[in-house]
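Overview (structure and organization)
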Amino acid sequence: AVIHRGDYTAPAFWIDTVDLSFDLDPSKTRVLNKMTLRRNPDVQAQPLRLDGEELNLARVLVNGQGTSFKMDGNQLVLENLPEGTEPFALEIFTTCVPVKNTKLMGLYVSNDSFFTQCEAEGFRRITYFLDRPDVMAMYTVTLRADKAKFPVLLSNGNLVDSGDLEDGRHFAKWVDPHKKPSYLFALVAGQLVAREQRITSRAGKDHLLQVFVRPGDLDKTEHAMNSLMASVAWDEARFGLPLDLERFMIVATSDFNMGAMENKGLNIFNTKYVLANQATATDVDYANIESVVGHEYFHNWTGNRITCRDWFQLSLKEGLTVFRDQEFSQDLCAEPSARAVKRIEDVRVLRTAQFPEDAGPMAHPVRPDSYLEINNFYTVTIYEKGAELVRMMQTLTSRAGFAKGMTLYFERFDGQAVTCDDFAQAIADANPGSALAALLPQFKRWYSQAGTPRVAARGEYDAAAQTYTLHFSQSCAATPGQPVKEPFVIPVSLGLIGAASGAALPLSVDGQAVGGSHLLVLTDAQQSITFQNVAEAPVPSILRGFSAPVVLDFDYSDAQLLALLANDTDAFNRWEAGQRLALRSAINSIASSANSTSATPLNDAYIAAMRAVLRHPTLDAAFKELVLTLPSETYIAEQLDVVDPQRIHAVREAMRLQLATALHADWEWAFAVHENNGGYRPDPVSSGRRALAGMALNFLCLAATQNGDSVWPGKTLQRFKDAGNMTDRFNALQALVNSGHALAGQALARFHALFKDEALVLDKWFALQAGTSDRGGQVLPAVRQLMAHPDFNLKNPNRARSVIFSFCSANPGGFHRADAAGYVFWADRVIELDAINPQVAARLARALDRWKKLAEPYRSAAREALARVAAKTDLSNDVREVVDRALAD
Ligand code: ARG
Ligand code: ZN
């Protein structure tokens, strides 16, 4: 049944303490759950309804006595509980079957070890409980298991006792000193080894940090541990938030639905976000590990100490924690240019994943109003758009003001389960003179209104008066259930560049000099601003640093964009100017009536500008690589009303080939200058150099394949063989595979042989082939073969994603086939996966979110595939919600 935000009521009972005992056995685990409960005096007396799923119930005792109970669907209902508000004891004994748990929610087995995942509603698959985040309890956990098979026994908090039992079994007892909601419960049991690090906090407290992995993986834990130490130090330094536990553990598992989970004191991670050494992980992997380790650690305060009242408030912890991990990664950058690169990367994720979500059938506000399945709402809107809301709050209160707001938030709500309103109010109250405080009710429309606002701007220069006026208007398209939107509060960071001089012009507003950048806060549907003393015709640099999550429409001329690309002092808008130029060429070429794609969609001025960026003496390599990367097919598709994916693919490929040939000498130069980077270090500067060298190789191989030349492919194969790190090796492999060169086959075979025992590297091998550029439909048959490969395993989410998602969600040119075979494949996989793991299936189901924009014959074929899935009567709620919303009008 659909759950509505407005239906929230406080729980009728509180659970104060939980004492759990586990007898761990993969095929039958016994769980004894002893709780102390009391009635919530603020709620009318009613029966106790406990959530449970796929549990075998053996016994229920109240204050030590048998009691009557009944089942109502998945709920255990107790009607004859003691009256009054005195605490009483409830004891529940159940069993479950971890080895059969393919959903990977609750208690499951992976590689012969036990793991748990309880967020959002997995704890009910372990025991009967009030499985909702506003019920916070103190936990004591005793684990018992075979000592030889499960030598390590972990749970939240502190280890208070352990020892041997009869029959080769042993036990460990853990006490969590902090109360917590059930979704933060965790246990781990298995053959694991740990890298350990002792640290002392600023306040002089000692802590033990541990990273647990399978034996053999210890040599891949150094970066995760370094990231964890950096996270602890950063949260203390930037927000005054210290580690509040004696021991902080991270455990890696290769079977995990998401990235990682912030269980109190016992974070459980997908191996993908823990394991790295230079031979097996790329620079991107290193950066992801840093940010995910940070993210989960930062949840210890934003999520765990203060949690969500209900799941509609999910962005309270996720948006805020993404913002914090983004800031963490930026603060770790030594150079300002690297900070800008990180910002561009974050915005690129937002625009290629969140903007389409906000324009499609699954569009929802950052604080949603309803859901059928909460797992479907762990989205880029809740996470990334939620982070942008927090970022705007910081922009409207200043960095120092925002930190004060965080302090007030913890003063008010530490230890509580609260709402997004509570957070916004605290930030505003700590900054009474701020624009946020002045505009709070309107600002909060960002939480309630879905959809991406569009800001249209137009400029007028009065040469005689030396004034420049920018006129703004804002609008937001309807989204499902929200036909009309009220204006948003939109902070717009502005600057002016001299059109002729290229100089950054000093800004003067209302007779006041305001420096080189000015923050205009839009609140109305229409609004203008006038700058004085503007000595020459300017080019406006609008939405600097992407100061708000909106689409900006400004009718820039090519010359203006070239001026911004060459001269803007704001790195984000400099990059953005290049993207706009490329996008314009792509759209013109797509729209041109020609049946065949032009070989030269890009004009000479653009090519010359790209050459200037590539050869620029001071810009750093990471930034150059971003500028030289064309807008993705997905991003181009979002700009069009009717989408022909094959046409977009053909045009973008033509643009790539044009860059490859027109800049051939420049790519040779760039490779030569960036190919050697000394000893491996995954820092932003050397990562950027490797990325640019990799890009150069990609273009050089592409041109060579086209010309039937084999010099660069030969050099690339040699670099692939000799590479001293995975980044260089994989970039070389990718250059051969994506150019479709004949040498790709032997490189792929060699790569597989080298890494056949490294699961995460094999994932890359699968993903590269399933995601490679389509040339006449060769990818789908290759994907079918990959699924028949002995190393393929549909039950392992990472492996399933590496093949199926890389094709259906990340390879539009391969997936959208005129013969509909891509969609048939998609529907088969959604149905097949739904029987194993509904969460993973529902993510895959989202691949056809934007089907209504497709041109024929794609549109009808996509609808047919969706309808075939929707016609199944036994779908999970997860997939049901996604396909029904996609088909709704
Ligand atoms: N809270 C986790 C994180 O963002 C994600 C957990 C998602 N779990 C789920 N079943 N949807 O770090
Ligand atoms: Zn999170």
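Coordinates for the structure precede this section.
The present account deals with the structure reproduced in this document.

Let's shift gears to the overall build of the protein chain. In terms of helices and strands, the protein chain carries 29 helices and 34 strands. Whereas a compact globule of 889 residues would reach a radius of gyration of roughly 29 Å, the protein chain reaches 28 Å, a difference of no more than 12%. Judged by the C-alpha coordinates and their principal axes, the protein chain covers about 90 × 65 × 60 Å. Taken across its 889 residues, the protein chain has 61% of its residues classed as buried. Summarising the internal contacts of the protein chain: among those between residues at least 6 apart in sequence, 70% fall at separations of at least 24. Of the accessible surface of the protein chain, which amounts to about 32800 Å², a share of 50% is contributed by carbon and sulfur atoms. In the protein chain, the 89 positive side-chain charges and the 103 negative ones have mean positions that sit 2 Å from each other.

This next bit is on the coordination of the zinc ion (ligand 2). Taken together, the protein ligands of the zinc ion (ligand 2) are His 295 (NE2), His 299 (NE2), Glu 318 (OE) and Glu 318 (OE), with distances of 1.9 to 2.8 Å. One can describe the site at the zinc ion (ligand 2) as irregular: its six donor atoms subtend angles covering 45 to 161° at the metal. Positions of the donor residues of the zinc ion (ligand 2), expressed as sequence spacing, correspond to H-x3-H-x18-E. Exposure class is identical for His 295 and His 299. Each is buried.

For the rest of this paragraph, the subject is helix H7 (residues 420-429). Looking at H7, one finds that the buried residues are Cys 420, Phe 423, Ala 424, Ala 426, Ile 427 and Ala 428. On the buried face of H7, the contacting elements are helix H3 (314-331), helix H5 (380-397), helix H6 (399-413), helix H8 (435-438), helix H9 (440-443) and helix H10 (445-448).

Look at helix H23 (residues 779-788) against helix H26 (residues 821-834): their axes get within 11 Å of each other, and the N-to-C directions meet at 25°. For the element pair H23 / H26, the angle class is roughly parallel. The handedness of the crossing between H23 and H26 is left-handed. Mapping the contact onto sequence places Leu 780, Val 783, Arg 784 and Met 787 in H23 and Ala 821, Gly 822, Phe 825 and Arg 829 in H26. Residue composition of the contact of H23 with H26, by class: five nonpolar, one polar and two charged.

This part covers unusual backbone geometry. Trans peptide bonds make up the majority, and among non-glycine residues the majority have a negative phi. The peptide bond linking Glu 119 to Ala 120 adopts the cis configuration, its omega dihedral lying at 0°. Of note, the amide linkage connecting Glu 856 to Pro 857 takes the cis form, showing an omega dihedral of 5°. The phi dihedral of Gln 466 falls on the positive side, at around 55°, and the residue is not glycine. Relative to the assigned elements, Gln 466 resides in the loop between strand S26 (454-462) and strand S27 (467-475). Of note, Phe 546 is a non-glycine position whose phi angle comes to about 55°, a positive value. For Phe 546, a relative accessible area of 2% translates into the label buried.

Attention shifts here to the site of ligand 1. Close to ligand 1 lie 17 residues; Glu 119, Glu 262, Glu 296, Glu 318 and Tyr 383 are nearest. Contact distances for ligand 1 include 2.7 Å between a nitrogen atom and a side-chain N or O atom of Glu 262. Between ligand 1 and His 295 there is a distance of 3.5 Å, counted from an oxygen atom to a side-chain nitrogen or oxygen. For ligand 1, the protein covers 97% of the area, taking 350 Å² as the surface of the free molecule. Mapped by element, the contributors of at least two residues to the shell around ligand 1 are strand S21 (260-261), helix H2 (283-298) and H3. By residue class, the composition of the shell around ligand 1 is seven nonpolar, five polar and five charged.

Moving on, we come to the pattern of salt bridges. The tally for this structure, following the rule as stated, stands at 60 salt bridges. Salt-bridge contacts for Asp 369 lead to Arg 5; the nearest nitrogen and oxygen are separated by 2.8 Å. Of this pair, Asp 369 sits in the loop between helix H4 (336-359) and strand S24 (370-371) while Arg 5 sits in the loop between strand S1 (3-4) and strand S2 (13-23), and the two are 364 residues apart along the sequence. Owing to a relative accessible area of 25%, Arg 5 belongs among the partly exposed residues under this scheme. Here the salt bridges share partners, and the residues they tie into one network are Arg 238, Glu 327, Asp 331, Arg 339, Arg 391 and Arg 399.

What counts, and where the lines are drawn
Residues numbered from 1 in each chain as written. Chains lettered and ligands numbered in written order. Predicted model: local features only at pLDDT ≥ 70, side-chain atom pairs only at ≥ 80, totals over all residues. Heavy atoms only, no water. Helix = DSSP H or I, 4+ residues; strand = E, 2+ residues; numbered from the N terminus. Rg over C-alpha atoms; globule rule 2.2 N^0.38 Å. Buried < 20%, exposed > 50% of the residue type's maximum accessible area, 1.4 Å probe, protein only. Contact = heavy atoms within 4.5 Å. Areas by Shrake-Rupley, 256 points an atom, 1.4 Å probe, with all protein chains shown as cover. Lys, Arg positive; Asp, Glu negative; His and termini not counted. Charge placed at Lys NZ, Arg CZ, Asp CG, Glu CD. Donors = N, O, S within 2.8 Å, 3.2 Å for Na, K, Ca; no water. Tetrahedral: all angles 85-135°; square planar, octahedral: opposite > 155°, others 65-115°. Axes fitted to C-alpha atoms, helices over the stretch in contact; angles between N-to-C directions. Parallel < 35°, antiparallel > 145°, perpendicular 65-115°, else oblique. Left-handed = near helix turned anticlockwise from the far one by under 90°. Nonpolar A, V, L, I, M, F, W, Y, C, P; charged D, E, K, R; others polar. Near = heavy atom within 4 Å. Polar contact = N/O pair within 3.5 Å; in protein donor to acceptor, adjacent residues only side chain to side chain. Salt bridge = Lys/Arg side-chain N within 4 Å of Asp/Glu carboxyl O.

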